[in-house]
Amino acid sequence: AFQMDLQQHYSTMRIKNAPQKEYAHGLLHFLDIDHIQVIEKECEWEDAIEESSKPLLMKDFITKSYVDSIIKNQKEKGYHMFLTANLVLAHSSSHDGVKNLSVSMATFKRPVTFLNGSQASIIITLAAENQTKHIHVLNDILKLFSKQRRIQEICDLNTPQEVYDYLSNTLNEIRQNKIAG
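Structural notes, computed from the coordinates. Keep in mind that this is a model prediction, so the values were computed, not measured.

**Re the overall build of the chain**
When helices and strands are tallied, the chain shows 7 helices and 5 strands. When the helices and strands of the chain are read in sequence order from the N terminus, they spell out α-α-β-α-α-β-β-β-β-α-α-α. Here the chain holds 181 residues, and 47% of them are scored as buried. Excluding contacts between residues fewer than 6 apart, the proportion of contacts in the chain whose partners are at least 24 apart in sequence is 72%. Accessible surface computed for the chain: about 9600 Å², of which carbon and sulfur atoms make up 48%.

What follows is the structure, encoded as structure tokens:
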């Protein structure tokens with residue numbers, strides 16, 4: 001269902017040009033270890049979005065207006081940011097304050113409850129400059145979270161390094177299986 005929802009969402013977009021070769025960078029090219037947070041404290045959903053976005057704001061990859069736009073969109077559209085149970089892809093239009101393609105990720109030891117009553121243990125903030133450059137990032141996210149158990153496995157980790165290593169190892173396994181299969 002997650003894969004179908006993501007495909008349906010992005011298949012309705014009009015892409016003027018096919019992605020170029022330089023767009024072939026995946027998730028781990030943009031998700032540095034210092035973009036990953038493991039948050040122990042309980043958070044309201046708005047604070048959780050701000051926390052998840054903070055590494056990108058601090059590096060000046062996005063503006064505060066981008067974070068505000070994500071929160072506004074969540075209030076207006078609700079469920080559309082949930083890719084699957086426990087996983088939110090926080091994003092907005094590139095015109096709302098994206099300076100560079102970037103990704104951050106926060107895991108929450110105490111799940112965050114959103115306005116629609118759904119809870120998330122992981123929030124991935126995606127700042128995309130246009131409609132094509134982030135396609136490989138989304139493909140990696142789709143591959144990683146196509147199995148619900150991986151969300152729990154990631155949430156059980158305690159440091160950004162452990163999360164990064166898990167993501168790297170899992171993506172490598174997926175690629176190896178694709179080559180072998």
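**Comments concerning the environment of Lys54**
Its place among the elements puts Lys54 in helix H3 (residues 45–58). On the accessibility criterion, Lys54 (36% relative accessible area) is partly exposed. Expressed as a C-alpha distance, the spacing of Lys54 and Gln37, which sit 17 residues apart in the sequence, is 9.6 Å.

**Topic: the pattern of salt bridges**
Summed over all chains, the structure comprises 11 salt bridges. The partner of Glu50 in a salt bridge is Lys64, with the nearest N and O atoms 3.7 Å apart. Taken together, the residues Glu50 in helix H3 and Lys64 in helix H4 (residues 64–77) connect sequence positions 14 residues apart. For Glu50, a relative accessible area of 34% gives the class partly exposed. For Lys64, a relative accessible area of 41% puts it in the partly exposed group. In this structure, Asp60 and Lys99 form a salt bridge, with 2.7 Å as the shortest nitrogen-oxygen distance. In this pair, Asp60 is assigned in the loop between H3 and H4 and Lys99 in the loop between strand S3 (86–90) and strand S4 (102–113), connecting sequence segments 39 residues apart. For Asp60, a relative accessible area of 41% translates into the label partly exposed. Connected via shared salt-bridge partners are Asp32, Asp34 and Lys59.

Parameters and conventions
Residues numbered from 1 in each chain as written. Predicted model: local features only at pLDDT ≥ 70, side-chain atom pairs only at ≥ 80, totals over all residues. Heavy atoms only, no water. Helix = DSSP H or I, 4+ residues; strand = E, 2+ residues; numbered from the N terminus. Buried < 20%, exposed > 50% of the residue type's maximum accessible area, 1.4 Å probe, protein only. Contact = heavy atoms within 4.5 Å. Areas by Shrake-Rupley, 256 points an atom, 1.4 Å probe, with all protein chains shown as cover. Salt bridge = Lys/Arg side-chain N within 4 Å of Asp/Glu carboxyl O.

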